Amino acid sequence: MYMSRGCMYGLFVVAWLCCSSLHIGARNLITNPKEEKALRAIKSSLMDPYKNLSSWDRGDHVHQNGVGLQLLCMNLSGILSPELGRLSNLKILDFMWNNISGSIPREIGSITPLELLLLNGNKLTGPLPEELGYLPKLNRLQIDENQISGPLPTSFANLTSMQHFHMNNNSISGQIPPELSKLPNLLHLLIDNNNLSGNLPPEFSELPKLQILQLDNNNFNGSTIPASYSNMSKLLKLSLRNCSLQGPIPDLSRISNLYFLDLSSNQLNGTLPEYVLSQNITTILLSHNNLTGPIPTNFAGLPRLQRLSFTNNSLNGSVPSSIWQNKASKAAEKLTVELQNNQLSDIAGTAYLPPNVTVRLQGNPYCLNSNLAPFCGSESEDKNNSQSSTNTTSVCPAQGCPPPYEYSPTSPVACFCALPLFVGYRLKSPGFSDFPPYRDTFQENVTTDLKLFLYQLHIDSLAWEEGNRLRMVLKFFPVSDDVNSTHFFNDSEVQRIFSIFTSWHIQNSDLFGPYELLGFYKDEGADSPSSGLSKGALAGLVLGTIVGAVTLSAVVTLLIMRMHVRKYIELSRRRHSSRTSIKIDGVKDFTFGEMAVATNNFNISTQVGQGGYGKVYKGSLADGTVVAIKRAQEGSLQGKKEFLTEIELLSRLHHRNLVSLIGYCDEEGEQMLVYEFMANGTLRDHLS
């Protein structure tokens, strides 16, 4: 049977991938006692509150044809055992999104077949072992969002198969080794949000395949951008925001496919470049520098431009209106031009502003004489960086598709009711600032690689996050047509889709950059054939295996299993029949999946309080809203009537000194209340 709660932040492999509930594939990787002993040592070094690894004691082992140890998003803590080095056949080592601390064992460097090393989203500390630089097949190293310190090992220059270095959001320090320029296959180098210093290596121009260089929020104090970077012919994105860089902007006109340029929040000086940038460029961010002189006309005629930002410089003269006039015929494509806080005095050309264009000139001499809306009016910037899809199933009868089933918004069959797969998905470094023009291409890429029909994918919501990352929730629906349709994915299809995602085989267009999975979830509360075996199937399965002396024990086993299935079905029905149904203006009914995504699967790092009622978590909704989620613990659950009464009462309380109720969740046997988040702490904090 499926787990009723999916890991909504990070990844997880549930019981449909492994009936032994090992959560890491099938069996039989272990070929000798030493490796079996190593697995037990690995388990003993980890704290496993949900007993996900209990089956290891029974001799169940790891996937052989995938050869992957995947213990992701299990709320594990403890340390990584040096015995990992004894698992000599591993190709995938995945501990993403846990609470593991300690250092990375140097013994991992002896697993020579290793291709994917995925340790991001933990609490790992200490330096990166030199030994990791001697893994000949390592293709992807993800250690982002940890507390790794120390320098980048020069031995990493030996990783000739490496394509993806994701090391952002750590405390890595020192000079970037120029030797990394020897990597022949490197595509993405993401080391933003660290403590790097020294110079930007000019040798990086020798990287033959580099597409993304993202080094934001480091301290290359006094360093300049090497002129040799103009020779990076394959570069799609150059992001050096807030790096304490000085000097002029180099000539980047020879980078023919550059999509995204961010050099903001430095101390760059001189004038704006007069050369013409790539015709593919979508985003140019040069704000918060020391740039002077006029705005040249070369920024006009860029057909894909979505955002141009020159705020907080010392630019003067007139603004060429030709920058935005070519957008008048492309109403579906947005353009934002940010020019605030300069010395700009006029607009050259027509002052007509197409409805799909926003130009901001506040803080310039041009706006001193009068309030020239829409250029100089008060900024009404949309603080909500989210986008939700339009409901196209409102004409379908609600009672015809009870939760957790949903109507597919994109099905060719009207009001097709099915059980979707939820996938939390994030683009880590996209080459654009506005997603809608590329939405169709994205959907085609994903469904093609998954071998699904285009209509099977629905983008449920998306939100921009800090650092130009785009988070979204994807819903996948089963095939539906007039001839052949199913209302749920079978086990093998779920496993196939999951395997493609977790092996990083989604080959998005280069424009979308690297992705990461934030969740993979299927609500199995409904009594579907996929949620358990029927009595007849169980009987057939057991009776077909009864032989000789084991007949009696098999019959006993069958009766026990029937009893468990009957209890499970009854519990499932009870859950869904008791789901609270209440309509109050301004109070939203959240699903359990939405709450799990918001709190990183109720990760302990998001817990901000605890009381007699239960625990309180800080969460982030799909639209970016920060909330406090009060989750009732077992023993504190109320009856339906009492819970409904409390929601109605709280919805009426409005006072400037009280947090407001935003919504609730009454699903999966859980009761949760969702409040606005008080960023400055509790009353007790202020009184103590």
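Concerning the overall build of the protein
Thinking step 1. Looking only at helices and strands, the protein has nine helices and 37 strands in total.
Thinking step 2. The burial tally for the protein puts 53% of its 688 residues in the buried class.
Thinking step 3. Counted over contacts in the protein with a minimum sequence separation of 6, partners at least 24 positions apart contribute 58%.
Thinking step 4. For the protein, the exposed area adds up to about 29800 Å²; of that, 52% sits on carbon and sulfur atoms.

Let's talk about the side chain of Gln211
Thinking step 1. If you trace the backbone, Gln211 turns up in the loop between β12 (195-197) and β13 (212-214).
Thinking step 2. Using a relative accessible area of 13% as the deciding quantity, one classes Gln211 as buried.
Thinking step 3. The residues touching Gln211, leaving out its near neighbours within four places in the chain, are Leu187, His188, Lys234, Leu235, Leu236, Lys237 and Asp510.

Quick word on the sheet that holds strand β32 (residues 588-589)
Thinking step 1. The strand order β32-β36-β37-β35-β34-β33 describes an open sheet built from six strands, whose pairing is mixed. Only two strands of the sheet have a single partner each, and these edge strands are β32 and β33 (607-610).

Structural notes on the packing of aromatic side chains
Thinking step 1. Overall, the coordinates contain 20 aromatic pairs when judged by the stated rule.
Thinking step 2. With 5.6 Å between their ring centres and 15° between their planes, Phe156 and Phe165 make a pair best called stacked.
Thinking step 3. The ring of Phe260 carries Lys237 above its face, with NZ or CZ at 4.3 Å from the centroid.
Thinking step 4. Lying over the aromatic face of Phe602, Arg631 brings its terminal NZ or CZ to 3.9 Å of the ring centre.

Here's the deal with the state of the cysteines
Thinking step 1. Under the definition given, this model contains three disulfides.
Thinking step 2. Paired through a disulfide, Cys367 and Cys376 show a sulfur-sulfur distance of 1.9 Å. In this structure the cystine formed by Cys367 and Cys376 twists about its S-S bond by roughly -70°; its chirality is therefore left-handed. With respect to class, Cys367 is no different from Cys376; both count as buried.
Thinking step 3. Between the sulfur of Cys401 and that of Cys417 lies a disulfide, 2.0 Å long from S to S. Where Cys401 bonds to Cys417 through sulfur, the torsion about that S-S bond is close to 85°, and the disulfide is right-handed. Of this pair, Cys401 sits in the loop between β25 (386-388) and β26 (406-407) while Cys417 sits in strand β27 (residues 417-418), and the two are 16 residues apart along the sequence. For the pair shown, Cys401 and Cys417 are each scored as buried.

Looking at the pairing of strand β31 (residues 515-521)
Thinking step 1. Burial within β31 is extensive, with seven of its seven residues counted as buried.
Thinking step 2. Note that strand β28 (residues 421-427) and β31 share six bridges and pair antiparallel. Of the residues in β31, the one forming a bridge with Tyr425 is Leu517.

A look at the sheet that holds strand β6 (residues 125-126)
Thinking step 1. Spatially, β6-β8-β10-β12 is the arrangement adopted by the four strands of the open sheet, whose pairing is parallel. Only two strands of the sheet have a single neighbouring strand rather than two, namely β6 and β12.
Thinking step 2. Taken together, the two bridges between β6 and strand β8 (residues 147-150) define a ladder with parallel strand orientation. Residue pairing across strands places Thr125 opposite Gln147, the latter belonging to β8.

Concerning the pattern of salt bridges
Thinking step 1. Counted by the stated rule, this structure contains 18 salt bridges.
Thinking step 2. Here Arg241 and Asp216 are joined by a salt bridge, their closest N and O atoms 3.5 Å apart. Here the residue Arg241 occupies a position in the loop between β14 (237-239) and β15 (246-247), and Asp216 occupies one in the loop between β13 and β14, the gap between them amounting to 25 residues.
Thinking step 3. Taking the shortest distance from any N to any O, the salt bridge between Lys475 and Glu406 comes out at 2.7 Å. Separated by 69 residues along the polypeptide, Lys475 in strand β30 (residues 469-476) and Glu406 in strand β26 bring together distant segments of the chain.

Things to note about the environment of Ala227
Thinking step 1. With respect to the helices and strands, the residue Ala227 is situated in the loop between β13 and β14.
Thinking step 2. The exposure class of Ala227 is exposed, given its relative accessible area of 58%.
Thinking step 3. As for Ala227 and Leu252, which are separated by 25 residues in sequence, their C-alpha atoms are 8.7 Å apart.

Side note on the pairing of strand β29 (residues 457-465)
Both faces of the sheet carry side chains from a regular strand, because those side chains alternate between them.
Thinking step 1. Judged by how many residues are buried, β29 sits mostly within the fold: seven of nine residues are covered.
Thinking step 2. Note: β29 against β30, eight bridges, orientation antiparallel. Each residue of the ladder has a partner; that of Leu462, found in β30, is Met472.

Section: helix α3 (residues 439-450)
Thinking step 1. Compared with the 16 Å implied by 1.5 Å per residue over 12 residues, the 17 Å span of α3 between its first and last C-alpha is a close match.
Thinking step 2. Those residues of α3 lying buried are Arg439, Phe442, Gln443, Asn445, Val446, Thr447 and Leu450.
Thinking step 3. Of the residues flanking the end of α3, it is Lys451, one or two places downstream, whose phi is positive at about 60°.

Details of the nonpolar core
Thinking step 1. In terms of nonpolar packing, the biggest core is built from 97 residues, with Met167 and Leu361 touching the most fellow members.
Thinking step 2. Of all the elements in the fold, those that place two or more residues in this core are α1 (33-44), β21 (314-320), α2 (322-325), β22 (335-338), β23 (343-348) and β24 (357-360).
Thinking step 3. The element contributing the most residues to this core is α1, with three residues.
Thinking step 4. Aside from chain neighbours lying at most four places away, what touches Leu361 is Val319, Leu339, Gln340, Leu344, Ile347, Tyr366, Cys367, Phe375 and Cys376.
Thinking step 5. In this structure, Tyr425, Leu470, Phe512 and Leu518 belong to the second largest nonpolar core, which totals 44 residues.

Details of the environment of Glu493
Thinking step 1. With respect to the helices and strands, Glu493 occurs in helix α4 (residues 491-502).
Thinking step 2. We classify Glu493 as partly exposed; its relative accessible area is 21%.
Thinking step 3. Between the C-alpha atom of Glu493 and that of Pro478, which follows or precedes it by 15 residues, the distance is 9.6 Å.

Notes on the environment of Asn490
Thinking step 1. Relative to the helices and strands, Asn490 is located in the loop between β30 and α4.
Thinking step 2. Judged by relative accessible area, which is 41%, Asn490 ranks as partly exposed.
Thinking step 3. Once the C-alpha coordinates of Asn490 and Pro478 are considered, the two residues, 12 residues apart in sequence, prove to be 9.2 Å apart.
Thinking step 4. One polar contact links Asn490 to Ser492, side chain to side chain, over a distance of 2.9 Å.

Some words on the side chain of Asn266
Thinking step 1. Of note, Asn266 is situated in the loop between β16 (260-262) and β17 (267-271).
Thinking step 2. Asn266 gets classed as buried once you look at its relative accessible area, which sits at 4%.
Thinking step 3. Polar side-chain contacts of Asn266 include one of 3.0 Å to the backbone nitrogen of Leu245.
Thinking step 4. For Asn266, the residues in contact, after removing those within four places along its chain, are Leu240, Arg241, Asn242, Cys243, Ser244, Leu245, His288 and Asn289.

What to know about unusual backbone geometry
Thinking step 1. The step from Pro403 to Pro404 runs through a cis peptide bond, and the omega angle for that step is 5°.
Thinking step 2. Structurally, the position occupied by Pro404 is in the loop between β25 and β26.
Thinking step 3. Phi is positive for Asn217, close to 55°, though the residue is something other than glycine.
Thinking step 4. Position of Asn217 among the secondary structure elements: in the loop between β13 and β14.
Thinking step 5. Overall, the relative accessible area of 24% leaves Asn217 in the partly exposed class.

The rules behind each value
Residues numbered from 1 in each chain as written. Predicted model: local features only at pLDDT ≥ 70, side-chain atom pairs only at ≥ 80, totals over all residues. Heavy atoms only, no water. Helix = DSSP H or I, 4+ residues; strand = E, 2+ residues; numbered from the N terminus. Buried < 20%, exposed > 50% of the residue type's maximum accessible area, 1.4 Å probe, protein only. Contact = heavy atoms within 4.5 Å. Areas by Shrake-Rupley, 256 points an atom, 1.4 Å probe, with all protein chains shown as cover. Pairing = 2+ DSSP bridges. Phe/Tyr/Trp six-rings, centres within 6.5 Å; stacked < 30°, edge-to-face > 60°. Lys NZ or Arg CZ within 6 Å of the ring centre and 35° of its normal. Disulfide = S-S within 2.5 Å. Salt bridge = Lys/Arg side-chain N within 4 Å of Asp/Glu carboxyl O. Expected span 1.5 Å × (residues − 1). Core = buried A, V, L, I, M, F, W, Y, C linked by side-chain atoms within 4.5 Å. Polar contact = N/O pair within 3.5 Å; in protein donor to acceptor, adjacent residues only side chain to side chain.

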